Amino acid sequence: MIRRILKRILTGTLVLILSIIIMATIFTKVSPQFGGSHSSADQERYRASGHYNNGKFENLISTELNAGPKVILGWMKETIKGIPNREPAHALPIEHVDSLTLVDHDRADRLLWFGHSAFLLQLEGKNILLDPMLGEVCAPHPWLGPKRYSDELPIELEKLPVIDAVIFSHDHYDHLDYPSVMKLKDKTKAFYVPLGVGAHLRSWGIEPDRVHELNWWETVSHEHITFTFTPSRHFSGRGMTDRYTTLWGGWVIKGSNRNIYFSGDSGYGPHFKETGEKFGPFDLALVECGQYNMRWHDIHMMPEESAQAAVDLNTKVMMPIHWGAFTLSLHAWNEPPTRLIKSASELNMPVITPKIGEMILLDHLMESGSKWW
């Protein structure tokens, strides 16, 4: 009798596991969230980049992802144990912006932060979106990822003005968001992306002539503004089998009178100093500072390294990004800016920490923000 019950339990468990595997496989095949595939012609272009081998892009220096069973088990143990203050206890203060405010201005250069790594940059009369992940959940399905801290955005995506350019740093879900792209694609003139990411956008119905793929150190002009794609130390992928199949990096955005750096995601490395030597000094550097852990130290900087990266970049002012919207690691949600400011002070690096939705005037950077968290 007991043997028969155990057999039924084992059979039921195996059937359940097999069903989950089958459903997951079907989901990855039919859901548009996972993006496009890469043709042989695409892969030939990637090979010409100089850092694409055996079907994968490579970092400039040795980089360990650390995603083995031991790391995953340690993550699960800490998660079950619980991390104090891992999410905000109360709704975050958000400044709301109406659509008229965004179009009715005297062409002043300014920046609006949506939280995490998403920005609207208004530069010399152009509207430029940086990593516009403006969705509620950064995952291929709402059940699979953490929800945004805030129920509202500073302004809803549909109310944004016509966008001259959208820039993506890489294809992870907390940076490249399918629902946001679908809402943006008919109001955006051009998309600038790393090599390989164009396949996703084209599969989502964006015409090839609006999609511009760049290699590291490559520069393209958008009228009188230039975008240069720079190396970072990270990885890519939207599914279980496509890791490293698209490139990742940061961006230099240079106008007539402004020079801005946007880090994307990165572990610390010599590429920051090289970028500063080639393209600095910068007026403002938007530098990753959040979702770090020593288990994946090579691909996400610790706050102290973020401060040093800003020094390496030769920037006048820095702003910590990649925090304030989602819980993707095991530290307190508001720990990143606190640790960063301490280290930046020791390095004499000015830091701004604006509220989400606060309009940051590039002529008056140091008037932005406070310890609002």
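For the structure itself, look to the data block above.
Residues numbered from 1 in each chain as written. Predicted model: local features only at pLDDT ≥ 70, side-chain atom pairs only at ≥ 80, totals over all residues. Heavy atoms only, no water.

## So, the sheet that holds strand 7 (residues 188-194)
Rules: Pairs of strands are assigned from DSSP output, requiring at least two bridges between the strands. Secondary structure elements are defined from DSSP: runs of H or I of at least 4 residues count as helices, runs of E of at least 2 residues count as strands, and each element is numbered from the N terminus. Note on geometry: axes are lines fitted to C-alpha atoms, helical ones only across the stretch in contact, with angles between N-to-C directions running from 0 to 180 degrees.
Strand order in this open sheet of seven strands is 8-7-6-5-4-3-15, and the pairing throughout is mixed. Of all strands in the sheet, those bounded by a partner on one side alone are strand 8 (211-214) and strand 15 (359-361). Direction aside, the axes of adjacent strands within the sheet are offset by 20 degrees on average.

## A word on the sheet that holds strand 10 (residues 225-230)
Spatially, six strands are ordered 9-10-11-12-13-14 in an open sheet, and the strand pairing comes out mixed. Of all strands in the sheet, those with a lone pairing partner are strand 9 (218-222) and strand 14 (318-321), marking the two edges. Pairwise comparison of adjacent strand axes, ignoring direction, gives a mean angle of 15 degrees for this sheet.

## Here's the deal with the environment of Tyr-261
Within the secondary structure layout, Tyr-261 lies in strand 12 (residues 259-262). When the C-alpha positions of Tyr-261 and Gly-250 are compared, they lie 7.5 Å apart, and in sequence the two are 11 residues distant.

## Quick look at helix 7 (residues 271-279)
Quick note on the threshold: Burial classes: relative accessible area under 20% of the type maximum marks a residue as buried, over 50% as exposed, and values in between as partly exposed (1.4 Å probe, protein chains only). Throughout, the arc means the angular range of directions from the helix axis out to the C-beta atoms. Residue contacts are counted whenever heavy atoms from the two residues lie within 4.5 Å of one another.
The complete set of buried residues in helix 7 reads His-271, Phe-272, Thr-275 and Gly-276. Around the axis of helix 7, the buried residues are gathered within 140 degrees of arc, so they sit on the same side. Those residues of helix 7 that are buried lie in contact with strand 10, strand 11 (250-254), strand 12 and helix 8 (303-313).

## Concerning the side chain of Glu-124
For clarity, the cut-off: The definition of a polar contact used here is a pair of N or O atoms within 3.5 Å, where within protein one atom must be able to donate a hydrogen and the other to accept one, and adjacent residues in sequence count solely through side-chain atom pairs.
Tracing the backbone through its elements, the reader meets Glu-124 in the loop between strand 4 (118-123) and strand 5 (126-130). Its relative accessible area of 12% is what places Glu-124 among the buried residues. Looking at Glu-124, its side chain comes within polar contact range of the side chain of His-224, at 3.1 Å. In terms of polar contacts, Glu-124 uses its side chain to reach the backbone amide nitrogen of Ser-256, at 2.4 Å.

## With respect to the pairing of strand 10
When you tally the buried positions in strand 10, you get five out of six residues, the bulk of the element. In this structure, strand 9 lies alongside strand 10, joined through five bridges in antiparallel fashion. Bridge pairing in strand 10 places Val-220 opposite Phe-227. As consecutive antiparallel partners, strand 9 and strand 10 are separated by two residues, and within that stretch Glu-223 has a phi angle of approximately 55 degrees, a positive value.

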